[in-house]
Structure formats: C-alpha cells, structure tokens
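Listed below, chain by chain, are the residues.
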Amino acid sequence: MLENLLRWFQRSVLVLAVAACSVVLAAPAQAHDVLESSDPANGSSVPAVPSRIGLTFDHTPMGIGSVIQVQDGTGTDQADGAVTIVDNHVTQAVKAGAPAGKYTVIWRVASSDGHPIEGTFTFTAGSGNSGASPSAAGAAAGAGGTPAGVIIAGGAAAVLVIGLAGGAVLVRRRLRNTESDA
Ligand SMILES: [Cu+2]
C-alpha cells in the first residue's frame, strides 16, 4: 500500500518535472521578438547618413551577442562602437564621415526568449554623416531588466526542488516504517 503510494508520488513528481520543462520550452516560441520598425525605414531615402541607426522591437531583447553592421555601398562597415539596448529600442552609432550612398544594415540580437533573431534592411543617403560620433554617450547606457527566460527557468527549478524534497520525505517515512515492521 505504502509502496504503491510512493510509486504514485514518484510518478507525479516526474510528470510535474516534465510539465515544468515543457512550459520552459513552450513559452519561448510564443515570446519570440519581432522587429517592428527601423530608423531609417527599410527602403527609404534620407538626406544624410544618420549619426545612429535605430531598431524597435515588440519586446526588449537580451543584452548579449548583439551585432549591427552598417555597410556602405562598398561593403565597409560604418558602425561605430557597441550596440545599445534601452527597453525595446536598439541603437547603433555610425562613424562620422560615413559616405553617401546605399546602405545595408545587417542586425542580429538575442530575442527576450533567448533565441537569436536577425535581419537586414537598406536605406539610401544623399550625403555623408557630418555629425560628431555619439558612440561614447551611447556606450555608457547598458541593457536593463531581467530576462523572462531566467524567471521561468528559476520557477521550474523551484518546482523540481520542492518535488524532490517531498519525495525524500516519503522515502524516509517509508524506511522508518520498514524498520518498525521488522
Ligand atoms: Cu524565440
């Protein structure tokens, strides 16, 4: 009778753990971030190369592995300094003196669910970037917030620990019963 109960409990813990893991795996697919807009907009013509490129996502990407290349017409990367993420806005400074012409922006960021996402867009600038580089100010601002994936994983781990602790108590009780029976 007690053995059956223990077996049932062990199975419950296993089911619970598997369920917790599938929540962890299922949640990310729904939370995959999407690029909502860019500045300059894809395919647009602007009077001059802007001093920074802006990307707006529907969620705040994680502050890891972000790369934004700003390639001029010759394929030279005119990006200046690191990518800056503030809320759902991702910014890349452009080198002062970046020439006029067609640009291709190649971006890659870590979605808030941890998946890498990437894309490209283009714009054409009538003249070069004459402004001072804002990269020093941009680099000071870091990414903030706790990634949702970390919270979910923490919750799953807590469920697992509670389940294992419960199982250990049952096993101990069962051992004590076995001893008193003997
Ligand atoms: Cu995803």
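Structure: above.
Residues numbered from 1 in each chain as written. Predicted model: local features only at pLDDT ≥ 70, side-chain atom pairs only at ≥ 80, totals over all residues.

A.B. asks: Let's hear about the overall build of the protein chain: which residues, and what values?
C.D. replies: Across its full length, the protein chain carries three helices and eight strands. Helices and strands in the protein chain line up, N terminus first, as α-β-β-β-β-β-β-β-β-α-α. Sequence separation of at least 24 residues holds for 75% of the intrachain contacts in the protein chain that already meet a minimum separation of 6. (Helix = DSSP H or I, 4+ residues; strand = E, 2+ residues; numbered from the N terminus. Contact = placed C-beta atoms within 7 Å.)

A.B. asks: Could you give an account of the sheet that holds strand S6 (residues 89–93), naming the residues involved and the relevant values?
C.D. replies: What the four strands build is an open sheet, ordered S1-S3-S6-S5; its pairing is antiparallel. Where the open sheet ends on each side, the last strands, each with one partner, are strand S1 (35–39) and strand S5 (84–86). For this sheet the average axis-to-axis angle between neighbouring strands, irrespective of direction, equals 20 degrees. Inspection of the sheet shows strand S3 (residues 52–57) paired to S6 by five bridges, in the antiparallel sense. Directly across from Arg52, in S6, lies its bridge partner Ala93. (Pairing = 2+ DSSP bridges. Axes fitted to C-alpha atoms, helices over the stretch in contact; angles between N-to-C directions.)

A.B. asks: So, the sheet that holds strand S7 (residues 101–110): which residues are in play, and what are the values?
C.D. replies: The mixed open sheet is built from four strands, whose spatial order is S2-S8-S7-S4. Here the strands that pair on one side only, and so sit at the sheet edges, are strand S2 (44–48) and strand S4 (62–71). The average undirected angle you get between the axes of adjacent strands in this sheet is 30 degrees. Where S7 lies against strand S8 (residues 116–127), 10 bridges are found, and the strand directions are antiparallel. In the strand pairing of S8, Ala110 is matched with Pro116.

A.B. asks: Tell me about the pairing of S6, and please be specific about residues and values.
C.D. replies: Sheet faces and side chains relate simply in a regular strand, where the side chains alternate between the two faces. Of all the five residues making up S6, four are buried; the element is thus mostly covered by neighbouring parts of the structure. Two strands pair when backbone bridges link them, and S5 and S6 are joined in this way by three bridges, in the antiparallel orientation. Across the sheet, Ile85 pairs through a bridge with Val90, a residue of S6. Linking S5 to S6, which pair antiparallel, is a turn of two residues; within it Asp87 sits at a positive phi near 55 degrees. (Buried ≥ 20, exposed ≤ 12 C-beta atoms within 10 Å, placed from the backbone.)

A.B. asks: Give me unusual backbone geometry: which residues, what numbers.
C.D. replies: Omega for the bond connecting Asp39 with Pro40 falls within 30 degrees of zero, at 5 degrees, which places this linkage in the cis form. Within the secondary structure, Pro40 is located in the loop between S1 and S2.

A.B. asks: Can you explain the nonpolar core? Please cite residues and give values.
C.D. replies: Formed by 21 residues in total, the largest nonpolar core has its most connected members in Ile68, Val70, Val90, Val94 and Val105. Contributing elements (two or more residues each) for this core: S3, S4, S6, S7 and S8. Leaving out residues up to four positions away in the same chain, Val70 has contacts with Ile53, Asp77, Gln78, Ala79, Gln92, Val94, Tyr103 and Val105. (Core = buried A, V, L, I, M, F, W, Y, C linked by C-beta atoms within 7 Å.)

A.B. asks: Account for the environment of Thr104, naming residues and giving values.
C.D. replies: With respect to the helices, strands and loops of the structure, Thr104 is situated in strand S7. Judged by the 14 C-beta atoms lying within 10 Å of it, Thr104 falls in the partly exposed class. On a C-alpha basis, the gap between Thr104 and Gly75 in space is 8.3 Å, while along the polypeptide they are 29 residues apart.

A.B. asks: How would you sum up the environment of Ala82? Please name residues and give values.
C.D. replies: The residue Ala82 is located in the loop between S4 and S5 in this model. Each C-alpha atom of the pair Ala82 and Ile68 lies 8.5 Å from the other, and the pair is 14 residues apart in sequence.

Spatial relationships are all this shows, so hold off on functional conclusions.
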